[in-house]
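Chain by chain, the residues:
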Amino acid sequence: MRVWIGWLVVLLGACGQVDELPVEPGVSLALAEHRAERLAGLHYSLYFDIPAQQSQPIHGEMEIRFTLANASAPLQLDFRAGAEAVKTLVVNGRALTALPQREHIVLPATSLRTGTNTVAITFVAGDSALNRNPDYLYTLFVPDRARTAFPLFDQPDLKATWELSLRLPTDWTALANGPLLVAAPDAGATRYRFAVTEPVSSYLFAFVAGRFDAVSQSWGERDMTLLHRETDPDMLARNLDAIFAQHRAAVAWLEDYTGIAYPFAKLDFALIPAFQYGGMEHVGAIQYRAELLLLDENPTDEELLRRASLIAHEVAHMWFGNLVTMRWFNDVWTKEVFANFMAAKMVNPEFPDMDHELGFLLRHYPAAYAVDRSAGANPIRQHLGNLNEAGQMYGPIIYNKAPIMMRQLERIVGEEAFRRGMREYLSRYAHGNASWPALVTILDPLTEVDLRAWSEVWVHGSGFPEPSLQVEDEALFYGPRPARLADLDGWQDLALVDRGRLLLDLYEGVLAGADISAPAYADALLDIVAEEPNQLLLATALSQLSRLQQSLLPDAARGKLQPRLEAVLWAGMAASDEAGRIRLLFDSLSLLAVEAESLQRLLAIWRGEASVPGLQLSENDRIRLVERLALRLPEQAQAIVSAQLAKTGNPDSRRRLAFLAPALAPDPAVRDRFFASLAEPGNRTTENWVLDALGYLHHPSRTAHSVRYILPSLELLEEIQVTGDIFFPSGWLHATLENHHSAEAVATVRAFLAAMPDYNEQLRMKILQALDMPLRAQRLAQ
């Protein structure tokens, strides 16, 4: 057998040209385009033997079938694993010696044939994207992590049908993209076999397996099934019906809007503790972060809206992203903007008493502003040369600025014409792939505006577009505008949306160093907190107040404001009979309290010796409270954390608190050892826990000590980008930097960047985005 190492000679038979493609890590754009020209009719049959013990390897078997247009050149399979991971390789009936190299298995041309090909492989699955826990696991392959688990052609425009079988411990259950065909005993285990799927991109292939409880409800002639690990029956009783109802409502709305029936065989979902994202839209098997759907008693309006929007977002992906998928991950933003844009339309009828213009404003504008005001601002659509950097395409710009852009586009085209264009787009590219320019081509004839020129500014430019390039509608304007504290004098006479815009404009003015005093604005926010009845506005005011008090105010101003802040929050709870408002105020108080009297009252509430009328604390609430108290009452930290661990019933919550305990410790040496342990990838596997821990290590009260963690955190970033999921690098940076305001912290980051002139450009932008708040805090402190 000829061994192909380093370079592949590829014959493009149609034109007789010879191109050389390197065997290089990741999936390059050149490799993806070449494979898309040669391959068709992909089908994967996969089998995984999953043991009960997390430490034992998962063995797999697979068969890949495909049609090859040209067999004169070798073909690269993607597999990011060591040479020992591939056990056998058979290509078209011929056994070969597998030599994985630079994250690929190269199939020599001599083993291939024009037309139908079959590749059979036995392997040991890589664990990094299987998210293995003591008694459950779930796959998460977006954007290019399927290749860490098994060999395949891992690119979004090579859609395939998938046939999955799992061998599981007898007390486990499973969920996958296709409907379950059979679950049968198999020599001390249970074998699950699932139906063949529709054409699905590799990042959307998924399964969940473990000790879950299953709940089903009817959905027309089918059922929807939900998997969960919640141990509180009251939590389930007050949430499950709403969760199922919101899924059914989202499907009905999308079928009506798109004119296309639900395009897949089923719609199930799993609620996973500490899931990395809010949700992930795997075809027919959505994964959610459990705590975002299972709400505590008396949820706030913001929490209810967030849950409805999240469900609507993930269901919208079944059409926008799954039925029609981007050709390459530089257009990943298209699926996200459609999902967010449609979600905003969908949730409105569910909340008739809510101001939805205000909700859209406060849900999208602050996060988009945070990037566009920074030195690391990035455009909506970015260049992507290799899928191993695709995770860096994600961020607030595609989730928050892009929906703002899409609203302007809808206004330009007209609502009905825009809907017709979207229907044509979905019908034309159904079960296939498309790019942003393809949609512009469909919409451009529907308006007199030059959409290509407009797109060049909004989609390919960064920062705030000039007012002349925005639609003439104040409600849709994007960007901060000049404001004065005196504008608050007529607060109660303003419409809700105008109040929201004023809060955003004043806060941006403070951050920009305009003629707005940060201490004076903090005082004004307390007046708003004391009186504002709208929960969305209240939550925004509290969020801004928290940032001001924790890192933006000078020490003297912070000390002066603190007693009044705590008094206003306590008084607000006592005066309110609205459970959602009380919860918002209590959460801010538990976060910001430092006065001895407040801390003792909060401690008594945690112990059950006192209560707040109208406030019911769940187990999760008590855990969050004890974490915050441990920071403020260091002499009692170990005792109260140990007591909470002993009385926590949910095993996943108990594991989380045990993980966080060293980050909560008052002893700096314990925290130093914990931080050092994060250099080991195995200690970063549950990313949400890691980010919570970093937040406590870098708590505002500890930044004088934790500034020493900044440089090693930056030095780990490139590795974290490789080993972590898509939001983890940004989360790591923001948790590390956002509470710092010292010259030393800023200088450390700047020196790191100055010493790395050839540093990854995407990561450089993420660092500059995270540095924005410390920079502004340092300037305000001067």
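Shown above is the structure to which this text applies.
Quantities reported herein were computed from a predicted structural model and do not represent experimental measurements.

Another point: the pattern of salt bridges. A full pass over the atoms with the stated rule returns 42 salt bridges. Its salt-bridge partner being arginine 147, residue glutamate 103 comes within 2.7 Å of it at the nearest N-O pair. With glutamate 103 in the loop between β7 (94-96) and β8 (104-107) and arginine 147 in the loop between β10 (136-138) and β11 (160-168), this residue pair connects regions lying 44 residues apart in the sequence. On the accessibility criterion, glutamate 103 (22% relative accessible area) is partly exposed. The salt bridge partner of aspartate 144 is arginine 147, with a shortest N-O separation of 2.9 Å. Looking at aspartate 144, the relative accessible area reads 6%, which means it is buried. Residue arginine 147 is classed as buried on the basis of its relative accessible area of 0%.

Position of threonine 258 relative to the elements: it lies in helix α2 (residues 233-258). The buried category is assigned to threonine 258, whose relative accessible area is 3%. Polar side-chain contacts of threonine 258 include one of 2.7 Å to the backbone oxygen of leucine 254. The residues touching threonine 258, leaving out its near neighbours within four places in the chain, are Trp319, Phe320, Arg423 and Leu426.

Among the 11 residues that make up helix α21 (residues 687-697), 8 are buried, leaving the element largely enclosed by the rest of the structure. Inspection of α21 places Glu687, Asn688, Trp689, Val690, Ala693, Leu694, Tyr696 and Leu697 among the buried residues, and these make up the whole buried set.

One open sheet accounts for 5 strands, arranged β16-β17-β18-β20-β19; its pairing is mixed. Of all the strands in the sheet, the pair left with one neighbour each is β16 (213-219) and β19 (279-280). Taken together, the 2 bridges between β19 and strand β20 (residues 285-289) define a ladder with antiparallel strand orientation. Paired with glycine 279 across the bridge in β20 is tyrosine 288. The strands touched by α2 are β16, β17 (222-228), β18 (268-272) and β20; relative to β16, the strand with the most contacts, the crossing angle is about 45°.

By size, the foremost hydrophobic cluster in this structure holds 269 residues, and its most contacted members are Phe48, Phe150 and Trp319. A per-element tally of this core places helix α5 (residues 332-347) first, with 11 residues. Beyond its immediate stretch of four places on either side in the chain, phenylalanine 48 contacts Ile58, His59, Gly60, Phe123, Ala125, Phe150, Leu164, Ser165, Leu166, Arg167 and Phe207.

What follows covers the environment of histidine 383. The residue histidine 383 is located in the loop between α6 (356-372) and α7 (396-413) in this model. A relative accessible area of 66% means that histidine 383 is categorised as exposed. Sequence separation between histidine 383 and proline 233 is 150 residues; the distance between their C-alpha atoms is 48 Å.

Bringing unusual backbone geometry into the picture now. Between valine 142 and proline 143 the backbone carries a cis peptide bond, its omega angle lying at -5°. Along the chain, the position of proline 143 falls in the loop between β10 and β11. In this structure, asparagine 92 is a non-glycine residue whose phi angle is positive, near 50°.

Sheet strands pair by backbone hydrogen bonding; their relative direction is either parallel or antiparallel. Strand order in this open sheet of 3 strands is β10-β15-β12, and the pairing throughout is antiparallel. The open sheet has two free edges, formed respectively by β10 and β12 (173-176), since each of these has just one partner strand. Averaged over all adjacent pairs, the angle separating strand axes in this sheet is 5°, with direction ignored. Where β12 and strand β15 (residues 207-210) come together, 4 bridges link them in antiparallel fashion. Note on β15: the bridge partner recorded for alanine 174 is alanine 209.

A probe as big as a water molecule, rolled over the atoms, marks out the empty space that is left. In this model, the second largest pocket occupies a volume close to 710 Å³. Lining the second largest pocket are 31 residues, with Ser128, Pro681, Gly682, Arg684 and Thr685 sitting closest to its centre. Looking at the lining of the second largest pocket, the elements that each hand over two or more residues are β10, α19 (651-664) and α21. A total of 3 residues in the lining of the second largest pocket trace back to one element, the largest contributor, which is α21. Per-class residue counts for the lining of the second largest pocket are 10 nonpolar, 13 polar and 8 charged.

Thresholds, definitions, all that
Residues numbered from 1 in each chain as written. Predicted model: local features only at pLDDT ≥ 70, side-chain atom pairs only at ≥ 80, totals over all residues. Heavy atoms only, no water. Salt bridge = Lys/Arg side-chain N within 4 Å of Asp/Glu carboxyl O. Helix = DSSP H or I, 4+ residues; strand = E, 2+ residues; numbered from the N terminus. Buried < 20%, exposed > 50% of the residue type's maximum accessible area, 1.4 Å probe, protein only. Polar contact = N/O pair within 3.5 Å; in protein donor to acceptor, adjacent residues only side chain to side chain. Contact = heavy atoms within 4.5 Å. Pairing = 2+ DSSP bridges. Axes fitted to C-alpha atoms, helices over the stretch in contact; angles between N-to-C directions. Core = buried A, V, L, I, M, F, W, Y, C linked by side-chain atoms within 4.5 Å. 1 Å grid on protein atoms, 1.4 Å probe; cavity = no way out; pocket = protein on both sides within 12 Å on 5 of 7 lines; lining within 4 Å. Points joined across faces, edges and corners; volume = space filled by probe spheres on them. Nonpolar A, V, L, I, M, F, W, Y, C, P; charged D, E, K, R; others polar.

Scope: geometric values only; no functional claims are made or implied.
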